2 protein chains.
Amino acid sequence: ISPIPHPISFAEEHKCLNSELWHACAGPLVSLPAVGSRVVYFPQGHSEQVAASTNKEIESQIPNYPNLPPQLICQLHNVTMHADAETDEVYAQMTLQPLNPQELKDPYLPAELGTANKQPTNYFCKTLTASDTSTHGGFSVPRRAAEKVFPPLDFTMQPPAQELFAKDLHGNEWKFRHIFRGQPKRHLLTTGWSVFVSAKRLVAGDSVLFIWNDNNQLLLGIRRATRPQTVMPSSVLSSDSMHIGLLAAAAHAASTNSRFTIFYNPRASPCEFVIPLAKYVKAVYHTRISVGMRFRMLFETEESSVRRYMGTITGISDLDAVRWPNSHWRSVKVGWDESTAGERQPRVSLWEIEPLTTFPMYPTPFPLRLKRPWPTGLPSLHGR
Amino acid sequence: ISPIPHPISFAEEHKCLNSELWHACAGPLVSLPAVGSRVVYFPQGHSEQVAASTNKEIESQIPNYPNLPPQLICQLHNVTMHADAETDEVYAQMTLQPLNPQELKDPYLPAELGTANKQPTNYFCKTLTASDTSTHGGFSVPRRAAEKVFPPLDFTMQPPAQELFAKDLHGNEWKFRHIFRGQPKRHLLTTGWSVFVSAKRLVAGDSVLFIWNDNNQLLLGIRRATRPQTVMPSSVLSSDSMHIGLLAAAAHAASTNSRFTIFYNPRASPCEFVIPLAKYVKAVYHTRISVGMRFRMLFETEESSVRRYMGTITGISDLDAVRWPNSHWRSVKVGWDESTAGERQPRVSLWEIEPLTTFPMYPTPFPLRLKRPWPTGLPSLHGR
DNA sequence: ATGTCGGCCTGTCGCCGACAA
DNA sequence: TTGTCGGCGACAGGCCGACAT
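Presented here is a report on the structure given in the accompanying data block. The structure presented is a predicted model; accordingly, all values stated were derived computationally and were not measured.

1. Re the overall build of chain A
Reasoning step 1: Across its full length, chain A carries eight helices and 17 strands.
Reasoning step 2: A total of 384 residues make up chain A; the buried ones form 47% of that total.
Reasoning step 3: Within chain A, residue pairs in contact and separated by at least 24 positions form 69% of the contacts whose partners lie at least 6 positions apart.
Reasoning step 4: Summed over its atoms, the accessible surface of chain A is roughly 19,500 Å², and 54% of this surface lies on carbon and sulfur atoms.

And the structure:
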């Protein structure tokens, strides 16, 4: 009776999500630090995510937390991947524990640099057209994509066709009729497609992605187009209280060295605010930058791949000198080479960019292993 | 192309909701304190609402806020009524300002007792049947309801029919064909009804309510059945941080006597946690209760009206003696007369109940005006 | 008085190749 | 190679009174 049809099966609660699919939906630039490693947590960046999610600027009503430093070095105890039940939006839950001064002295392991997010190899991602989402027809599968990730059709049949079963992030299975027909011949998903489109409420501009994994399973994810004004205010807690909550939770955890929990929404947050400690140390203490220096930075393309944009450093200063002095968060002011630069942020963090030195870097066998632990005590900009 | 049809018109952002409709959707027992009046805010009750909304128990990880008393006497600066854009769930936003000791000495006005929530007179509320929500047909309008709240039909037509336009909480207008036909004759809503059902995602068990207001407008609201497990965890902020946020926001406001903002969800919260000061004072300081005493208490029926249930006081103690000592929040343990008592809470607050004295109360012209302001300083249970 | 059903009509869904970009 | 369209068949949506509760 419900207008939204039910998929074939339901995953049990708290089931671990498929990691490949989660990363594919999150995008090629998103990586999660390894469990057990040490990370740097930026309350300021977390605050930006909450502001983006609640669609509200940060008010000056927020009390100060003098004991909360702008960056908190933590042990990452737990990372779990999730997807919103309503929207399939991917997010991660992390349990962090601030380290005490004694623990800060421990040398860290090279593995803590974090493993790169390996995107699955056998997958494709297509942005839906008006025809794909209309009720008038099915889904047109790009030829190379179908040949690469779908099981081969039996071409002795006329027309060649098969049934595909694909699992989404929640473990629900969807059934599609895959047929190769038309003049000229093309791959199509027909029966079952419209049910999926209406259940997920997909519209033209959204993307779907199919993965053929090593277990010969077909996985199915969605990535919604970034629609303006898509977020709405929560009716649970005021955005002010949310801001206070994240700051107070971090401050309390920092003062007692106890664990706290945060959510990271890769596609809602402007930036990662939990980064591997080694990445931070390398960028802040082992990289020389100056105004006028050229750099490169990775961005995600519309087709879910990456490309580099180039720019010039135009300044180095605190983003919020009053509330977060000596933070390294987005401390680098930049200008972009291309005229479409309006969409790229004017401030970035050190660890996001790749400075171009006039002396070419020769690759070495162990380029990232540091000789000794970084200096104890809180890092500060004055150290440079 | 969207599976969800658009209603005829959209209300502009931030438009003031229709108060009658909001109260009708909220239910007969929900009343909002008057703007400008003084109220008592219970962080403990607010906490219960957040726990209910995030579907998570309160953890012991939450830090203590020693400067946050269990009840905060505040000036109510602003109240706005809202409805969730996705679910039409009604909620209210309140701006509160804790009063300083000087302000606490001011005598209060009798009007601060709060005005009773006057439910609209010309309205009806019907719980939807399987037939009402099925795609097979329309909506069967109870005869008395149609005759009372719908404009009269022209019975010279065969069959008598008209078009109805009704506005929902967001100001969107919905169009229905209202017809009187069948054997035996009955009132039906046909064309337009299924669009409404699917747009609002109504299922059997949910209720719709129609109001014919003084401006001869037809208003239309919904009240969803209380489905278990309907709330889902937010992916914005951890529930722990939300709890900390509400407490820290209240504590900060209390220490600086500054304004703060809260949301009250009448249908999600177990109980009102912002109540008129006069109501609180009357219940706590001018009502004698003891163990064994009989009392009555109002509850909402399934048909959106009220009835009284009776019970006996079985104990008086703090609900959480560690975290909230000397709070009056749900300090009364009760037993209910009827065997269906499993659905009614075993603890209530003083101001929710109506103790039955053996000496009948004679009504007086000014029964609620106090002779003098209540004692300064924080109230405590020891005063009784 | 009103919930559910069978009958029946009709509008939309959805599968097909044509055609063009 | 693939997005959109006209054609058209099938089926669910939806209006009707019958009938039972």
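Still more ground to cover, so stick around.
2. Some details on unusual backbone geometry
Reasoning step 1: Geometrically, the link from Q158(A) to P159(A) is a cis peptide bond, its omega value of -5° lying close to zero.
Reasoning step 2: If you trace the backbone, P159(A) turns up in the loop between α5 (143-149) and β6 (161-167).
Reasoning step 3: A cis amide bond links Q183(B) with the next residue in sequence, P184(B), at an omega value of 5°.
Reasoning step 4: For P184(B), the position within the fold is in the loop between β7 (173-181) and β8 (186-189).
Reasoning step 5: Of note, D88(A) is a non-glycine position whose phi angle comes to about 65°, a positive value.
Reasoning step 6: For D88(A), the position within the fold is in the loop between β2 (72-83) and β3 (90-98).

3. A short note on the protein's contact with DNA strand D
Reasoning step 1: In the vicinity of DNA strand D there are 22 residues, among which K126(A), S131(A), R143(A), R186(A) and R181(B) approach most closely.
Reasoning step 2: Among the atoms of DNA strand D lying within 4 Å of the protein, the sugar-phosphate backbone contributes 52%.
Reasoning step 3: A distance of 2.8 Å is found between a phosphate oxygen of DNA strand D and a side-chain nitrogen or oxygen belonging to S131(A).
Reasoning step 4: Here a base oxygen of DNA strand D sits 2.8 Å away from a polar atom, N or O, in the side chain of R186(A).
Reasoning step 5: In terms of residue class, the surface near DNA strand D is built from five nonpolar, 11 polar and six charged.

4. With respect to the sheet that holds strand β17 (residues 353-355) of chain B
All names here are of chain B.
Reasoning step 1: With antiparallel pairing, the five strands of this open sheet are ordered in space as β16-β15-β14-β13-β17. The open sheet has two edge strands with one neighbour each: β16 (347-348) and β17.
Reasoning step 2: Here five bridges tie strand β14 (residues 306-316) to strand β15 (residues 332-336), and the two strands are oriented antiparallel to one another. Following the sheet pairing, G311 is matched in β15 by W336.

5. Section: the protein's contact with DNA strand C
Reasoning step 1: Lining the immediate surroundings of DNA strand C are 22 residues, of which R181(A), K126(B), S131(B), R143(B) and R186(B) lie closest.
Reasoning step 2: Here, DNA strand C places atoms within 4 Å of the protein, and 56% of those atoms are sugar or phosphate.
Reasoning step 3: Within the backbone of A130(B), one N or O atom sits 3.5 Å away from a phosphate oxygen of DNA strand C.
Reasoning step 4: In the model, a base oxygen of DNA strand C is placed 2.9 Å from a nitrogen or oxygen of the R186(B) side chain.
Reasoning step 5: Looking at the surface near DNA strand C, the elements with two or more residues in it are β7 (173-181) of chain A together with α4 (130-133) of chain B.
Reasoning step 6: Broken down by class, the residue content of the surface near DNA strand C amounts to five nonpolar, 11 polar and six charged.

6. Overview of the relation of the copies chain A and chain B
Reasoning step 1: After a rotation of 180° and a shift along the axis of 0.0 Å, chain A superposes on chain B with an RMSD of 0.0 Å. The symmetry that links the two subunits is that of a two-fold axis. No C-alpha of chain A lies nearer the rotation axis than that of G245(A), which sits 1.6 Å from it.
Reasoning step 2: Mapped onto chain B, 100% of the interface residues of chain A are again interface residues, and the two copies thus contact each other with one and the same surface.

Criteria and thresholds
- Residues numbered from 1 in each chain as written.
- Chains lettered and ligands numbered in written order.
- Predicted model: local features only at pLDDT ≥ 70, side-chain atom pairs only at ≥ 80, totals over all residues.
- Heavy atoms only, no water.
- Helix = DSSP H or I, 4+ residues; strand = E, 2+ residues; numbered from the N terminus.
- Buried < 20%, exposed > 50% of the residue type's maximum accessible area, 1.4 Å probe, protein only.
- Contact = heavy atoms within 4.5 Å.
- Areas by Shrake-Rupley, 256 points an atom, 1.4 Å probe, with all protein chains shown as cover.
- Near = heavy atom within 4 Å.
- Polar contact = N/O pair within 3.5 Å; in protein donor to acceptor, adjacent residues only side chain to side chain.
- Nonpolar A, V, L, I, M, F, W, Y, C, P; charged D, E, K, R; others polar.
- Pairing = 2+ DSSP bridges.
- Least-squares fit on C-alpha atoms with pLDDT ≥ 70 in both.

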